[in-house]
Amino acid sequence: MRRGKNATAGGDAAPPRGAGRRSGRRWHLNATPLVIAFCCVSSLAVLGLSFYSMDLVQESLNMLNATTEQRLRALASAAVHIVPVEDLDRIRDAGDMDAPVYADAKKKLSDFTEQWGLEFTYYMRPTPDGRFQYIVDGSYDEETTDGPDSFFPMDEEPTAVAALSSGEVTNEKLDDTYADGWEGISSGYAPVYDRDGGIYCVVGVDIIDKQIVSLQKSIRWLQRVQIAALFVAVISGVAIILMYRRKVAASMQASKAKSEFLSNMSHEMRTPMNAIRGMTEIAKASGDVDKKDYCLDRIDTASTHMLNVINDILDMSKIEANKFDLSPVNFNFEKMLQKVASIVNFRIEEMRQEFRIRLGRNIPQYLFADDQRLAQVLANLLSNAVKFTPERGVITLSANMLEERDGVCTLQLKVADTGIGISADQQARLFGSFEQADGSTSRKFGGTGLGLAISKHIVEMMGGKIWVESAQGKGSKFSFTVKVRVGEPPVAETRASRVDWGAVSVLSVGGTADTGNYVREAARRLGFAYEMANDGEAARALLEKNGAYDVTFIDGRIPDIVDLAERIGRFKGAHHIAAIVSTLEWEVIAERSRNIGIHHFLSKPVLPSDIVDCLRECYDMRHSARQREREVDSLAGHNILLAEDVDINREVVLSLLEPTHLGIVCATNGAEAVKLFTEAPQDYEMIFMDVQMPEMDGYEATRRIRASGAPNARTIPIVAMTANVFREDVEKCLAAGMDDHIGKPISLGDVLGKLRQHLRTDGACGAGAHAATGAPAPADAAIFGRAGQARPASIDAPGDAGDVGGVTCEQPVSAL
């Protein structure tokens, strides 16, 4: 290694139906092993090529190193003869550096160095004290040149010592270890012999090896990176194979689920359609009025089922199109539960199941949220519970408030049943679209497989989550939470009650623990006196002791309910008897109920508001409310324009409104509607406008009516009557100049509601009076299934703000 004065050591054909799907699934199954085999072979090929390329690169590097080392030795051997030994022996100390022989030797070495592209060429001899003495070199740089005045320890140049001791040419290995100050330089040494054959000194040649060593380092790093990349590639290949297999499995599962869904859909839609068509033919062919009524009842049931299926499909399509929105309103929580219970109650009673509702005491009476969507979730969970629970099973709906913060309540609702249960594997896919716990259940129990997916979406939009706890054969418990705001009670219910509750006495006979708790809670809030009796015998004892009570609630399951009611009726001063019954229990006592003094019926399960509503009704705070509720609005003298192109739709509207004596003029398209209005605008007080009609649609017809210049063109109410029910559809109607919207299929309640809202009825008839005065219309009475007996309706009587009961204007059940 070259040393310096200031240096130190270092240096195809059409297939049959279904064949495409089956062949696609078979292709996936057959292709999976092929893909795995291809990935394995490709990985092994890449691995082999990588190792082969690394071996080639390493071999090339070794050859380059060997060539460089051979060049070092060859140049060192050639440098031996540059300066004769006699001339070297004449250069002994610093004084000889001025002699011509020194200059001549330096010139020869410099020419040799330049000729062969070396960094340095130099001679150095060993000294008796174990050092090397520089003799002469080929450098003219004052910083790097060395002469006979320069010495350094021999052990700092072991390669030069090896040349001296062995008498052979030696060279340093090409690597990245260097003497300090001489980084990137490698050396070769050759012994210089005198005339006697002894080794006089050594000659050294230095080359720059930075590029070679840098290449060596790069190749080493490249090898490491290549090995790491191969490892990552192998791992990635395995992961891709696993992901591919899972994706294929998921794709097959999704395909299977959708196929089953389509099959179920076909079944779910064709079954009620078959019933509708069949019952229609039977009714047309029969002259028996009772048989026609039976057929109409079955048609109504089948059409309701089909409407629910269509609603599920529409809701799912809105969810997937990200157009599913909530419409929060103030609503009475218990009334919403009553509405849901009325939907599933009949089926529960058919199955002879027990239905319980348990409410936490701290839930606000009025809430602000989308009550229809909340009711949809509950109705779906309850329908499933009824469907999968055997006869005489128990279904429990419970609601509790977890917390209230800044006017926002977190409610937890649960639907528990004693049904067939759900396994852990089935629970994992329960809330997916087009999924049911078990595909075979669709044929046995029915259903679209969309209800729980829609319910999950609704719950999450309301800031909550939904989950299930279940085991096969041990029933299921579906729970969900929602965040809702505390609502405002209607103005009519904030007025002071005129009932002297302190003078009221109530007797509750039999019933569930929940019913007794609700009577107790109502008494606590309102302040009336009450007694509890477990059975008829205990009730008779209380009657003998205390005399008649103002109101007596009797559970329909009391074996001697008729005898007990007759006995109560004979007591002097007895006022009201209210029976808490199911449909089947009502049928047992229906014939004798009026004669024995039972004039009030509460449908099971009973809620606190049912108790209070019945008490208020008994005291007839607004005695005409019930009668008004049963009457149909009389709209004689009022005239409207109906624009509808479908004959049967016009017939439905005309038939529904026939009892109101409303004057209706029909137009079969938008152009005809515009013509009829512009010819006699004063003849019409309101327009029902279909949207999709031939010649001119409802949007354009509305715009032309508004621009017609007629005196009432800008003010006449125009209500869209259309099956387009998405929010953007409603907004489009409003943007076209319409005032309101009714979704098809229409219900009488919806139509009457719009008529009450937009016609001037002077508050003279039925629920129209409520619309005119601004007070909420009373809720529709729930109807007992086959019996056709209306439960006494809740009345819109004023009450204390803290009352358990109370009434608000409800949407019809069909809105669910």
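Residues numbered from 1 in each chain as written. Predicted model: local features only at pLDDT ≥ 70, side-chain atom pairs only at ≥ 80, totals over all residues. Heavy atoms only, no water.

S.K.: Which residues make up the overall build of the protein, and what values go with them?
M.R.: The secondary structure content of the protein amounts to 23 helices and 23 strands. The buried share among the 816 residues of the protein stands at 47%. (Helix = DSSP H or I, 4+ residues; strand = E, 2+ residues; numbered from the N terminus. Buried < 20%, exposed > 50% of the residue type's maximum accessible area, 1.4 Å probe, protein only.)

S.K.: Give me the lowdown on helix 3 (residues 100-115), citing residues and values where you can.
M.R.: When the terminal C-alpha atoms of helix 3 are compared, their 22 Å separation across 16 residues agrees well with the 22 Å that a helix rising 1.5 Å per residue should span. Residues of helix 3 that are buried: Val101, Tyr102, Ala105, Lys106, Leu109, Ser110, Phe112 and Thr113. For helix 3, the buried positions fall inside an angular range of 165 degrees around the axis, keeping them on one side. Exposed and facing more than 90 degrees away from the buried side of helix 3 are Pro100, Glu114 and Gln115. Just past helix 3, the residue Gly117 takes up positive phi, approximately 70 degrees. (Expected span 1.5 Å × (residues − 1). Arc of directions from axis to C-beta.)

S.K.: Could you give an account of the packing of aromatic side chains, with specific residues and numbers?
M.R.: Counted by the stated rule, this structure contains five aromatic pairs. A centroid spacing of 6.1 Å and a plane angle of 70 degrees characterise the contact between Tyr122 and Tyr134, whose relative ring orientation is edge-to-face. Highlighted residues: Tyr122 in strand 1 (residues 120-126) and Tyr134 in strand 2 (residues 131-137), separated in sequence by twelve residues. Neither residue differs from the other here; Tyr122 and Tyr134 are each classed as buried. An aromatic cluster is defined as three or more aromatic residues linked by ring pairs; in this entry it consists of Tyr122, Phe132, Tyr134, Phe152 and Tyr189. If you follow Lys106 out to its NZ or CZ, it ends over the ring of Tyr140, 5.6 Å from the centre. Over the face of the ring belonging to Trp467 we find Lys465, whose NZ or CZ atom lies 5.6 Å from the ring centre. (Phe/Tyr/Trp six-rings, centres within 6.5 Å; stacked < 30°, edge-to-face > 60°. Lys NZ or Arg CZ within 6 Å of the ring centre and 35° of its normal.)

S.K.: Explain the sheet that holds strand 6 (residues 199-208) to me, and be specific about the residues and the numbers.
M.R.: Strands sit in the order 3-2-1-6-5-4 across an open sheet of six strands; the sheet is antiparallel. Of all the strands in the sheet, the pair left with one neighbour each is strand 3 (151-153) and strand 4 (170-171). Pairing of strand 4 with strand 5 (residues 185-193), which is carried by two bridges, proceeds in the antiparallel orientation. Within the sheet, the bridge partner assigned to Asn171 lies in strand 5 and is Gly188. The sheet strands contacting helix 3 are strand 1, strand 2 and strand 6, and the helix crosses strand 2 at an angle near 85 degrees. Contacts from helix 4 (residues 158-166) reach strand 1, strand 2, strand 4, strand 5 and strand 6 within the one sheet, and its direction differs from that of strand 6 by about 145 degrees. (Pairing = 2+ DSSP bridges. Contact = heavy atoms within 4.5 Å. Axes fitted to C-alpha atoms, helices over the stretch in contact; angles between N-to-C directions.)

S.K.: Let's hear about helix 19 (residues 670-679): which residues, and what values?
M.R.: Helical periodicity: at 3.6 residues per turn, an α-helix aligns residues three or four positions apart in one direction. Listing the buried residues of helix 19 in full gives Gly670, Ala673, Val674 and Phe677. Along helix 19, the residues classed as buried sweep out an arc of 100 degrees about the axis, all on the same side. Of the exposed residues in helix 19, those oriented more than 90 degrees away from the buried face are Lys675 and Glu679. Tucked inside the fold, the buried residues of helix 19 contact strand 19 (639-643), strand 20 (663-667), strand 21 (686-689) and helix 20 (698-706). Taking the backbone nitrogen of Ala671 as reference, a side-chain oxygen 3.1 Å away marks Asn669 as the first, capping residue of helix 19. (Polar contact = N/O pair within 3.5 Å; in protein donor to acceptor, adjacent residues only side chain to side chain.)

S.K.: For the pairing of strand 19, give the residues involved together with the corresponding values.
M.R.: Of all five residues making up strand 19, four are buried, and the element is well covered by its neighbours. In the sheet, strand 19 pairs with strand 20 via five bridges, with the strands oriented parallel. What sits directly across from Leu642, in strand 20, is Cys666. Following the chain from strand 19 across helix 18 (residues 647-657) to the adjacent parallel strand 20, one finds a crossover that is right-handed. For strand 19 and strand 21, the ladder comprises four bridges, and the chain directions are parallel. (Right-handed = clockwise from strand over helix to strand, strands pointing away.)

S.K.: Hey, could you go over the sheet that holds strand 23 (residues 740-743) for me, with residue numbers and the actual values?
M.R.: Here we have five strands laid out as an open sheet, ordered 20-19-21-22-23, and parallel in their pairing. In this open sheet, the two edge strands, each paired with only one partner strand, are strand 20 and strand 23. This sheet shows a mean twist of 20 degrees between the axes of neighbouring strands, independent of strand direction. In the sheet, strand 22 (residues 718-722) pairs with strand 23 via four bridges, with the strands oriented parallel. Residue pairing for strand 23: Val719 is matched across the bridge by Asp740. Strand contacts of helix 19: strand 19, strand 20 and strand 21, with the helix running at about 135 degrees to strand 20, the strand carrying the most contacts. Each of strand 21 and strand 22 is contacted by helix 20, which is oriented at about 160 degrees to strand 21, the strand it contacts most.

S.K.: Got a sec to walk through unusual backbone geometry? Specific residues and values, please.
M.R.: Of note in this structure, Arg352 is not a glycine but carries a positive phi near 55 degrees. Overall, the relative accessible area of 46% leaves Arg352 in the partly exposed class. Unlike most non-glycine residues, Asp406 shows phi in positive territory, near 55 degrees. Tracing the chain through its elements places Asp406 in the loop between strand 10 (394-405) and strand 11 (408-417). Residue classification places Asp406 among the exposed positions, given a relative accessible area of 71%.

S.K.: Residues and numbers for the nonpolar core, please.
M.R.: Among the nonpolar cores identified, the biggest contains 51 residues, and Phe333, Met336, Phe355, Leu411 and Phe480 are the most heavily contacted of them. Apart from the residues within four sequence positions on either side, Phe480 is in contact with Leu374, Val377, Leu378, Leu381, Leu411, Gln412, Leu413, Val459, Lys465, Ile466 and Trp467. Core analysis: the second largest hydrophobic core is formed by 26 residues, Val101, Ala105, Leu118 and Tyr123 among them. (Core = buried A, V, L, I, M, F, W, Y, C linked by side-chain atoms within 4.5 Å.)

S.K.: Which residues make up a negative patch on the surface, and what values do they have?
M.R.: A cluster of like negative charges, contributed by Asp288, Asp290, Asp293, Asp297 and Asp300, occupies part of the molecular surface. When you line up the elements, Asp293 lands in helix 6 (residues 289-320). (Patch = residues over 30% accessible without salt bridge, like charges linked within 9 Å, V, L, I, M, F, W, Y side chains within 5 Å. Areas by Shrake-Rupley, 256 points an atom, 1.4 Å probe, with all protein chains shown as cover. Salt bridge = Lys/Arg side-chain N within 4 Å of Asp/Glu carboxyl O. Lys, Arg positive; Asp, Glu negative; His and termini not counted. Charge placed at Lys NZ, Arg CZ, Asp CG, Glu CD.)

S.K.: Which residues make up the side chain of Asp740, and what values do they have?
M.R.: Tracing the backbone through its elements, the reader meets Asp740 in strand 23. Within the structure, the side chain of Asp740 is placed 3.1 Å from the side chain of Lys754, a separation counted as a polar contact. Setting aside its immediate chain neighbours within four residues, Asp740 contacts Ile718, Val719, Ala720, Leu734, Lys754, Gln757 and His758.

S.K.: Let's hear about the packing of helix 7 (residues 333-350) against helix 16 (residues 608-618): which residues, and what values?
M.R.: Where helix 7 contacts helix 16, the axes come no closer than 9 Å and their chain directions differ by 100 degrees. In terms of orientation, helix 7 and helix 16 fall into the roughly perpendicular class. Residues Glu334, Lys335 and Gln338 of helix 7 form the contact with helix 16, whose participating residues are Pro608, Ser609, Asp610 and Asp613. (Parallel < 35°, antiparallel > 145°, perpendicular 65-115°, else oblique.)

S.K.: A description of the side chain of Asn332 should follow, citing residues and the corresponding values.
M.R.: For Asn332, the position within the fold is in strand 7 (residues 329-332). One polar contact links the side chain of Asn332 to the main-chain amide nitrogen of Glu334, over a distance of 3.0 Å.

S.K.: Account for the confidence of the model for the protein, naming residues and giving values.
M.R.: For the protein, mean pLDDT is 77; residues scoring 70 or higher make up 77% of the total. Contacts for the low-pLDDT stretch residues 2-29, under 50 throughout, to residues beyond four places or in other chains number 57 contacts. Across residues 621-632 the pLDDT falls below 50, and counting only partners more than four positions away or on other chains, this stretch makes 28 contacts in the model. (pLDDT = per-residue confidence, 0-100.)

S.K.: Account for the pairing of strand 12 (residues 466-470), with residues named and values stated.
M.R.: Bridging between strand 12 and strand 13 (residues 476-486) involves five bridges; their strand directions are antiparallel. Directly across from Ile466, in strand 13, lies its bridge partner Phe480. Between the antiparallel neighbours strand 12 and strand 13 lie five residues, among them Gly473 with a positive phi of about 80 degrees.

S.K.: Give a detailed account of the environment of His638, specifying residues and quantitative values.
M.R.: Its location among the elements puts His638 in the loop between helix 17 (624-630) and strand 19. In sequence terms His638 and Glu685 are 47 residues apart; their C-alpha atoms lie 7.1 Å from each other. Among the polar contacts listed, one links the side chain of His638 to the side chain of Glu685, at a separation of 3.0 Å.

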